[in-house]
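This is what each chain is made of:
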Amino acid sequence: MRFSILTPFFATLFMAIVFFYFQYSYTKLKIIDFSDVVFYGKDYIFSPSEKEYIIILYNSKSSNFLDIAKKVPNDSNLKILAIDYYQNTKQEIINNIIPLSAGINTLLKFNRIFRIDKIPMYFKIKQKNAYKFTQDSKMLEIN
């Protein structure tokens, strides 16, 4: 009968451990495969050339990517991929900011993988192999 008092405690502890393990493992498995998704610049198809990037998700209808990029901390001077949900492909590369857009299928896939519910947001990605990148930081909202 002694163990019946501790059973709810251990059951709750077990459930909390399982919950946090799956939350942690899910964030580590978010992968972008640039051979599977296509992002467009003004007159080119984007292909990654760096080992790390910062991704900014924004809507050019409501804000400018330069104003948003100024608010993102970039101490390592990483290149920034500014992905426009309004799909404007007429913007030029400025400094280390690469404005990109994509088709609706790519944006929907991107939303599903990263669970995007608000924009503008940003996060870092790091190269895993030639075209696969994993999320390397939390998704943070830009105010």
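Just above sits the structure.
Overview of the structure. (Residues numbered from 1 in each chain as written. Predicted model: local features only at pLDDT ≥ 70, side-chain atom pairs only at ≥ 80, totals over all residues. Heavy atoms only, no water.)

**Looking at the side chain of Q135**
Argument step 1. By the secondary structure assignment, Q135 is in strand β7 (residues 132-135).
Argument step 2. On the basis of relative accessible area, Q135 is assigned to the buried category, the value being 10%.
Argument step 3. Among the polar contacts made by the side chain of Q135, one reaches the main-chain carbonyl oxygen of S137 at a distance of 2.7 Å. (Helix = DSSP H or I, 4+ residues; strand = E, 2+ residues; numbered from the N terminus. Buried < 20%, exposed > 50% of the residue type's maximum accessible area, 1.4 Å probe, protein only. Polar contact = N/O pair within 3.5 Å; in protein donor to acceptor, adjacent residues only side chain to side chain.)

**Topic: the packing of aromatic side chains**
By convention here, two paired aromatic rings are described through the distance between centres and the angle between planes.
Argument step 1. All told, the structure shown has 11 aromatic pairs when counted by the stated rule.
Argument step 2. Taking the centre distance of 5.3 Å and the plane angle of 65 degrees together, the rings of F9 and F10 count as edge-to-face.
Argument step 3. Overall, F9 belongs to the exposed group, its relative accessible area being 51%.
Argument step 4. Through a chain of ring-to-ring contacts, the aromatic side chains of F34, F39, F46, Y53, F110, F114, F123 and F133 assemble into a single cluster. (Phe/Tyr/Trp six-rings, centres within 6.5 Å; stacked < 30°, edge-to-face > 60°.)

**Observations concerning helix α3 (residues 104-114)**
Argument step 1. Buried within α3 are the following residues: T106, L107, F110 and F114. Buried residues of α3, seen end-on, are gathered within an arc of 100 degrees and therefore sit on one face of the element. Away from its buried face, by an angle of more than 90 degrees, α3 presents the exposed residues I104, N105 and R112.
Argument step 2. Just beyond α3, the residue with positive phi is R115, at close to 55 degrees. (Arc of directions from axis to C-beta.)

**A few points about the nonpolar core**
Nonpolar side chains tend to gather and get buried jointly when the protein is soluble and globular.
Argument step 1. Membership of the largest hydrophobic core comes to 23 residues, with the highest contact counts inside it found for F34, F39, I55, L57, I83 and F110.
Argument step 2. Setting aside its immediate chain neighbours within four residues, F110 contacts I32, F39, I55, L57, I83, Y85, I116 and F123.
Argument step 3. Of all hydrophobic cores here, the second largest spans 13 residues; its members include F65, I68, A69 and Y122. (Core = buried A, V, L, I, M, F, W, Y, C linked by side-chain atoms within 4.5 Å. Contact = heavy atoms within 4.5 Å.)

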